[in-house]
Amino acid sequence: MKILCVSLGCDKNLVDTEMMLGLLNKDGYTFTDDEYEADIILINTCCFIGDAKEESVNTILEMAELKKTGQCKALIVAGCMAQRYKEEIMQEIPEVDGILGTSTYDEISDVIRQALSGQEHISCFHDLSVLPDVKEKRLVTTGGHYAFLKIAEGCDKRCTYCIIPYLRGPYRSVPMERLLEQAEELAEQGVKELILVAQETTLYGRKALPELLRKLAAVSGIQWIRIQYCYPEEITEELIQTIKTEEKVCHYLDIPIQHASDRILKRMNRRTTLAELKKNIARLREEIPDIALRTTLISGFPGETKEDHELLLDFVEEMQFERLGVFAYSAEEDTPAASFPDQVPQEIKEERRDEIMELQQEIAFEKSENMEGRILEVMIEGKVADENAYVGRTYMDAPNVDGLIFVNGDEPLMSGDFCRVRVTGALEYDLIGELCDESAE
C-alpha cells in the first residue's frame, strides 16, 4: 500500500506529520509523491489564518477528486482544520473517510486500517489535554541534516487574535527524556541541527529550557541548536547565559513581538510593553553582541490607528532586527479580536504591512552589506546547478524563513557539511561568499 502525505502549515505541524510517517513506516506502508499512485492520501491541515484555511480546503477538495478518478482507496484528514471543522468536513466532503484531531495523530494506523476495511466517517478525537505518545522513530522529511524538535504542545497565553489554544489545547511540555531520546535518534540518522519549536519555547518544563539546551548540547553529532518562538517577557537571565556560553546553541533567537504600541499590545492580550521590549532586546544584544534576532509583527490589528502604525515603524527602525516578517491581521472566527468593533479595512492592513516590509528590506540589505569580510561557519544545503557554487545557511538563518548564503568554491561539498566562508557581497536578504581555509581570520 502506497501513501501520499501532504503536510501543510507550520514546522510544528510538520513534526506531527513526521511522527505519523514513522508509525506508518513501521507498519509496512511505502510512500509516494505521485498522487495518482497513492492507495491512501493523508493530509495534515492548517487553519491558523485565512490563507492557510483556504489552502487546506483546496487541498482536501483536490485530493477528494482522486477518490473518483484515481486509485485512492482512503482519504484521511488530520491536524488543525480537522480539529476545528470536523463536522463540516464530514458533511460537505463525503470522500473523506477518516478524521484525526491534533491530539490523536498517534492513532493514524488504526484509522487507516478501519478506512481500508470499508468503514466510513471515522472520527478519532481525544481531550486536548492529552499528549500523543509516539515511541517510533520519526521519518525526517527536511533533507536529513536538520530537523525540528517540538518540545511542547498547546498554549495558555490566549492572545485575542489566536485560535491555537482552541485547536491545540493547554500548554504541555514533552518529557525531557523523550526529547533526548529523539535527539539521539535524529543524530544517528545524520541530523546536525536541531531547531527547537513550540507555540512558546520559553515556558518549557516551567522554565527548564536552559537545562534542556545543556543536555541537548551533549548529544554527539549535533552541531547547531536553534531556538524559535521565545516570548520576550519569558526570557530569563539563565536562558541568556546558556545561549551565550553553550557553543552549540546558535546566537539566534526568534521572539514574536506582534506590535510595539502599548495600547494595541494590551488589546492583543500580550504580556509586555514597549519599554519592556526595548529593555529585553537591549539586554540580549549587550550580553550576546552577535545575536541575530527574528521577530514577527501584525499590521492592521482592530483599532490600530495611523499613530499606532507610525510608532511601530519607528520601533522597527530603532531596533534594527536582523530578520522580520509581517502578517496583515486575519480575523479568525471564535477569537475575541474577530468581534472587536473597529476592524481595519483590508487595503489599509496590506498597505501598512508593505510599508513595514519595505523598511525592513532596507535594514536587512544594509546589515548584509556590513557583513562583507566576515568569516562565518556555514551549513551547506545543496549545490547550485551547473556552477562551482553551493547554497548554505549561517547561524543567523533558520530554514525556509530566513536568508541564504551562496558559496563559491571548487572543493566538493555535500548537504549537511560545515565549512568556513568569507562574505564577499550581498543580495538583499542573502549573502555571497567564498570558501576559506581553517587558518583564515
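Residues numbered from 1 in each chain as written. Predicted model: local features only at pLDDT ≥ 70, side-chain atom pairs only at ≥ 80, totals over all residues. Heavy atoms only, no water.

1. Thoughts on the overall build of the protein
Okay, so step 1: Secondary structure assignment for the protein yields 14 helices and 19 strands.
Okay, so step 2: Here the C-alpha coordinates of the protein stretch approximately 65 × 60 × 45 Å along the principal axes.
Okay, so step 3: Among the 441 residues that make up the protein, the fraction classed as buried is 55%.
Okay, so step 4: For the protein, the share of sequence-separated contacts (at least 6 apart) that also reach a separation of at least 24 residues comes to 73%.
Okay, so step 5: Just so you have it, the protein exposes about 18,800 Å², and 48% of that area is on carbon and sulfur atoms.
Okay, so step 6: One finds the centroid of the 48 positive side-chain charges in the protein at a distance of 5 Å from the centroid of its 85 negative side-chain charges. (Helix = DSSP H or I, 4+ residues; strand = E, 2+ residues; numbered from the N terminus. Buried < 20%, exposed > 50% of the residue type's maximum accessible area, 1.4 Å probe, protein only. Contact = heavy atoms within 4.5 Å. Areas by Shrake-Rupley, 256 points an atom, 1.4 Å probe, with all protein chains shown as cover. Lys, Arg positive; Asp, Glu negative; His and termini not counted. Charge placed at Lys NZ, Arg CZ, Asp CG, Glu CD.)

2. Concerning the sheet that holds strand β17 (residues 405-408)
Okay, so step 1: The strand order β15-β16-β17-β19-β18 describes a closed barrel built from 5 strands, whose pairing is mixed. Neighbouring strand axes in the sheet, compared pairwise and without regard to direction, differ in orientation by 50 degrees on average.
Okay, so step 2: In this structure, strand β15 (residues 375-383) lies alongside strand β16 (residues 389-393), joined through 4 bridges in antiparallel fashion. Paired with Lys383 across the strands is Tyr390, a residue of β16. (Pairing = 2+ DSSP bridges. Axes fitted to C-alpha atoms, helices over the stretch in contact; angles between N-to-C directions.)

3. What to know about the pattern of salt bridges
Okay, so step 1: In total, this model carries 40 salt bridges according to the counting rule given.
Okay, so step 2: Residues Glu37 and Lys2 are paired through a salt bridge, measuring 3.3 Å at the closest nitrogen-oxygen approach. Placement of Glu37 in the loop between β2 (30-31) and β3 (40-45) and of Lys2 in strand β1 (residues 2-7) is noted, with a sequence separation of 35 residues between them.
Okay, so step 3: According to the relative accessible area criterion, Lys2 is partly exposed, its value standing at 34%.
Okay, so step 4: Between Arg178 and Asp133 there is a salt bridge, with its nearest N and O atoms 3.7 Å apart. Of this pair, Arg178 sits in helix α8 (residues 176-188) while Asp133 sits in the loop between β6 (122-124) and β7 (146-150), and the two are 45 residues apart along the sequence.
Okay, so step 5: Residue classification places Asp133 among the partly exposed residues on the basis of a relative accessible area of 39%.
Okay, so step 6: The network of salt bridges with common partners includes Lys157, Glu200, Lys207, Glu233 and Glu234. (Salt bridge = Lys/Arg side-chain N within 4 Å of Asp/Glu carboxyl O.)

4. So, the state of the cysteines
Okay, so step 1: Under the defined criterion, the tally for this structure stands at 0 disulfides.
Okay, so step 2: Its sulfur unpaired, Cys72 is 13 Å from the next cysteine sulfur, which belongs to Cys5. (Disulfide = S-S within 2.5 Å.)

5. Side note on unusual backbone geometry
Negative phi characterises most residues that are not glycine, and trans characterises most peptide bonds.
Okay, so step 1: Backbone geometry places Arg206, a non-glycine residue, at a positive phi of 55 degrees.
Okay, so step 2: Positionally, Arg206 belongs in the loop between β10 (193-197) and α9 (209-217).

6. Quick notes on the nonpolar core
Okay, so step 1: By size, the foremost hydrophobic cluster in this structure holds 56 residues, and its most contacted members are Ile151, Leu196, Leu253 and Phe315.
Okay, so step 2: What Leu196 contacts, discounting residues up to four positions off in sequence, is Leu149, Ile151, Thr201, Leu209, Leu212, Leu213, Leu216, Ile225, Arg226, Ile227 and Gln228.
Okay, so step 3: Of all hydrophobic cores here, the second largest spans 27 residues; its members include Leu14, Leu24, Ala74 and Leu100. (Core = buried A, V, L, I, M, F, W, Y, C linked by side-chain atoms within 4.5 Å.)

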